Amino acid sequence: MNDEYISVLESSLLFKNISGAEIERLVHSSQTGTKEYKKGERVFSESDRPDKLLILLSGKLLVAKDTVSGKRLVLATIDQPGDLFGEVYPFVEKEEYDMYVETAQKSVVFSIGLDFFYETQGRDRQMIDQLRENLFRIFAQKAYKMNHRIRVLGAPGIREKIARFLIERQVDGPRIRMMPREEMADYLNVTRPSLSRELSNMVKDGIIRNEGRDIVIIDQDKLESYL
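Structural notes, computed from the coordinates. (Residues numbered from 1 in each chain as written. Predicted model: local features only at pLDDT ≥ 70, side-chain atom pairs only at ≥ 80, totals over all residues. Heavy atoms only, no water.)

**Here we look at the layout of surface pockets**
Okay, step 1: In this model, the largest pocket occupies a volume close to 1,500 Å³.
Okay, step 2: In terms of lining residues, the largest pocket is bounded by 48 residues, among which Leu75, Ala76, Thr77, Ile78 and Lys145 are the most central.
Okay, step 3: Sorting the residues of the lining of the largest pocket by element identifies helix H1 (3-11), strand E3 (52-66), strand E4 (72-78), strand E5 (84-85), helix H3 (125-153), helix H4 (158-169) and helix H5 (181-188) as the ones contributing at least two each.
Okay, step 4: Ranked by residues supplied to the lining of the largest pocket, first place goes to H3 with 12 residues. (1 Å grid on protein atoms, 1.4 Å probe; cavity = no way out; pocket = protein on both sides within 12 Å on 5 of 7 lines; lining within 4 Å. Points joined across faces, edges and corners; volume = space filled by probe spheres on them. Helix = DSSP H or I, 4+ residues; strand = E, 2+ residues; numbered from the N terminus.)

**Observations concerning the packing of aromatic side chains**
Okay, step 1: Taken as a whole and judged by the stated rule, the model has five aromatic pairs.
Okay, step 2: A cation over an aromatic ring shows up here: Arg42 above the ring of Tyr100, its NZ or CZ 3.6 Å from the ring centre.
Okay, step 3: The ring centre of Tyr187 lies 4.4 Å from the NZ or CZ of Arg149, which sits over that ring. (Phe/Tyr/Trp six-rings, centres within 6.5 Å; stacked < 30°, edge-to-face > 60°. Lys NZ or Arg CZ within 6 Å of the ring centre and 35° of its normal.)

**Considerations on the pairing of strand E9 (residues 214-217)**
Okay, step 1: Of the two faces of E9, the one carrying Asp214 and Val216 and the one carrying Ile215 and Ile217 are both buried.
Okay, step 2: Sheet topology note: the strand E7 (residues 175-177)/E9 ladder contains three bridges and is antiparallel. When the bridges of E9 are listed, Arg175 appears paired with Val216.
Okay, step 3: One ladder, built from four bridges, connects strand E8 (residues 208-211) with E9; its direction is antiparallel. Across the sheet, Asn210 pairs through a bridge with Ile215, a residue of E9.
Okay, step 4: Between the end of E8 and the start of E9, which pair antiparallel, lie two residues, with Gly212 showing a positive phi angle near 65°. (Buried < 20%, exposed > 50% of the residue type's maximum accessible area, 1.4 Å probe, protein only. Pairing = 2+ DSSP bridges.)

**Quick word on the nonpolar core**
Okay, step 1: Judged by nonpolar contacts, the single largest core of 24 residues is most densely connected at Leu14, Phe15 and Ile112.
Okay, step 2: Every element with two or more residues in this core is listed here: H1, helix H2 (20-27), E3, strand E6 (100-113) and H3.
Okay, step 3: It is H3 that contributes the most residues to this core, five residues altogether.
Okay, step 4: Look past the residues within four positions of Phe15 in its chain and what remains in contact with it is Leu9, Ile23, Leu26, Ile55, Phe110, Ile112, Leu131 and Asn134.
Okay, step 5: Phe165, Ile215, Ile217 and Leu223 belong to the second largest nonpolar core, which has 21 residues in total. (Core = buried A, V, L, I, M, F, W, Y, C linked by side-chain atoms within 4.5 Å. Contact = heavy atoms within 4.5 Å.)

**With respect to helix H6 (residues 192-204)**
Okay, step 1: Between its terminal C-alpha atoms H6 stretches 18 Å, which fits the 18 Å expected from 13 residues at 1.5 Å a residue.
Okay, step 2: Along H6, the positions that sit buried rather than exposed are Ser194, Leu195, Glu198, Leu199 and Met202. Buried positions in H6, seen along its axis, are confined to an arc of 130° and lie on one side of it. Seen from the buried face of H6, the exposed residues on the opposite side, beyond 90 degrees, are Pro193, Arg197 and Lys204.
Okay, step 3: Residues of H6 that are buried make contact with H4, H5, E8, E9 and helix H7 (220-224). (Expected span 1.5 Å × (residues − 1). Arc of directions from axis to C-beta.)

**As for the sheet that holds E9**
Okay, step 1: One open sheet holds the three strands; their spatial order is E7-E9-E8, and the pairing between them is antiparallel. Every other strand in the sheet has two partners, leaving E7 and E8 as the edge strands with one partner each. Sheet twist, expressed as the mean angle between neighbouring strand axes with direction ignored, is 25°.
Okay, step 2: Strands E8 and E9 of the sheet are contacted by H6, whose axis makes an angle of about 115° with E8. (Axes fitted to C-alpha atoms, helices over the stretch in contact; angles between N-to-C directions.)

**Things to note about the packing of H5 against H6**
Okay, step 1: Here H5 crosses H6 at 100°, and the two axes come no closer than 9 Å. What the angle tells us is that H5 and H6 run roughly perpendicular. Seen from H5, the contacting residues are Arg181, Glu182, Met184, Ala185 and Leu188; seen from H6, they are Arg192, Leu195 and Leu199.
Okay, step 2: Split by residue class, the contact of H5 with H6 holds five nonpolar, no polar and three charged. (Parallel < 35°, antiparallel > 145°, perpendicular 65-115°, else oblique. Nonpolar A, V, L, I, M, F, W, Y, C, P; charged D, E, K, R; others polar.)

**Thoughts on unusual backbone geometry**
Okay, step 1: Phi angles above zero are rare outside glycine, and Asn17 is one such case at about 65°.
Okay, step 2: Topologically, Asn17 is positioned in the loop between H1 and H2.
Okay, step 3: Despite not being glycine, Asn189 shows a phi value in the positive range, around 60°.
Okay, step 4: One can find Asn189 in the loop between H5 and H6.

As structure tokens, then:
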């Protein structure tokens, strides 16, 4: 593993309060591995066994699930180096995943075998305890984010979903950096044409305007009336 990827691990929430020397030792352990994936390749499928922790080192991933009719639902986008994904499954005694992860571009993933977390003695004991504590914080943060998405999906119509989505992403001004339309449609669980049509209607109604990859809120009060 190169120095760039080591730096990614050092900045990851999973390795908070863990020294660089301990990370180096873990990276060279027989219970870890690094793998490169091509664009469109699956990191794991729904029928795979969850037996490791997975961390994005570089690239972009889509966490998704297919409906019975074949529609893909994007549950999350993983694009920040150091982020974990699918981390709950190894700890809830599931025999297989019920979703899949696919690369949106060339990606590199680091894995830690689940057995590592059940070591009961040796010099890694303190590091394992810290990793478990960090995992608890990560689980709590992701549960909080999922609660936000549930609020968005609970909106009664497409415009209401878009309004909630925009306001959830708004930081300190009217300009919001957007994800690609296809990903946004999957996130909101609406069709791409329906999303594009409603966004165009909101532009015509003077609520928002498009500026490249950004959406700028023109009428904040009117947008919030759809909450």
